[in-house]
Amino acid sequence: MDEYLLKVAGVERKLPIVRIADNIKIASFVILGDTELVEAAAQELKERIPDADYFITAEAKGIPLVYELSRLCGKKRYFVARKSIKPYMSDPFATEVYSITTQRKQLLCIEKEESDLIKGKRILIVDDVISTGESSRALEALVTRAGGTVVGKAAILAEGKDAVKRDDIIYLGELPLFPIESSDAIQ
């Protein structure tokens, strides 16, 4: 199996390169369970992010990072936009997003109690990887709809040339995409 050597926040990881569509492969970056990487990345991001009242991420891979960043910044609460409306949610509202990772549309939603806390506050969007920006746009729509103001978007990695060129995200490292030639796509 092909691998990509990632060096970020003083930590090295060998990432497997996996096909996610007929024409593209990615280096699979999963922070779930990687305490060392999450702690190092959160510490570096802490020095670069703007002041915010709360942080928000999308379920699920960004959760360890938003937790650690919240802890380091002394935040007593952060928000996680769920990928489906849960039975326990009171008066939820949602937005739709197309995920490059899952290759399908999915919901992102928060409940009324969370939107009440977001109203009038400065919110930082946090994720493990920003690629197409669809998830962060959906989170921004949720925050705006709740009456909050997005003060920034932060991630460990920017994936692909388009993400790296963006000036509206704070990130620690770059992650390339691996296009598949049309002759290779048939295999």
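Reference entry: report on the structure contained in this document. (Residues numbered from 1 in each chain as written. Predicted model: local features only at pLDDT ≥ 70, side-chain atom pairs only at ≥ 80, totals over all residues. Heavy atoms only, no water.)

When helices and strands are counted, the protein shows 6 helices and 11 strands. A compact globule built from 187 residues should have a C-alpha radius of gyration of about 16 Å, and the protein, at 17 Å, falls within 12% of that. For the protein, the spread of C-alpha atoms along the principal axes amounts to about 50 × 35 × 30 Å. Within the protein, contacts between residues at least 6 apart in sequence are counted, and of these 61% link residues at least 24 apart. For the protein, the computed accessible surface area is about 9,700 Å², with 48% contributed by carbon and sulfur atoms. Charge centroids of the protein, computed over 27 positive and 30 negative side chains, lie 3 Å from each other. (Helix = DSSP H or I, 4+ residues; strand = E, 2+ residues; numbered from the N terminus. Rg over C-alpha atoms; globule rule 2.2 N^0.38 Å. Contact = heavy atoms within 4.5 Å. Areas by Shrake-Rupley, 256 points an atom, 1.4 Å probe, with all protein chains shown as cover. Lys, Arg positive; Asp, Glu negative; His and termini not counted. Charge placed at Lys NZ, Arg CZ, Asp CG, Glu CD.)

This brings us to the sheet that holds strand β9 (residues 149–159). With parallel pairing, 5 strands are arranged side by side in an open sheet as β5-β4-β8-β9-β10. Where the open sheet ends on each side, the last strands, each with one partner, are β5 (79–81) and β10 (170–175). The average undirected angle you get between the axes of adjacent strands in this sheet is 25°. Where strand β4 (residues 54–58) meets β5, 3 bridges bridge the pair, whose relative direction is parallel. Residue Thr57 lies in a different strand from β5, and its bridge partner there is Val80. (Pairing = 2+ DSSP bridges. Axes fitted to C-alpha atoms, helices over the stretch in contact; angles between N-to-C directions.)

On to the nonpolar core, then. Counting 28 residues, the largest nonpolar core has Phe29, Phe55, Leu65, Leu69, Leu124, Ile156 and Leu157 as its most contacted members. Looking at this core, the element that brings in the most residues is helix α1 (residues 35–46), giving 6 residues. Sequence-distant contacts of Leu124, defined by excluding residues within four places in its chain, comprise Ile49, Pro50, Ala52, Tyr54, Phe55, Ile56, Leu69, Val151, Gly152, Lys153 and Ala154. With 17 residues, the next largest nonpolar core counts Ala81, Ile118, Ile123 and Ala138 among its residues. (Core = buried A, V, L, I, M, F, W, Y, C linked by side-chain atoms within 4.5 Å. Buried < 20%, exposed > 50% of the residue type's maximum accessible area, 1.4 Å probe, protein only.)

Taking strand neighbours across the sheet as the criterion, the 4 strands line up as β1-β2-β3-β11 in an open arrangement whose pairing is antiparallel. Edge strands, defined here as strands with exactly one partner in the open sheet, are β1 (3–8) and β11 (177–179). For this sheet, the mean inter-axis angle between neighbouring strands, taken without regard to orientation, is 30°. Of the strand pairs in this sheet, strand β3 (residues 24–27) and β11 are connected by 3 bridges, and their pairing is antiparallel.

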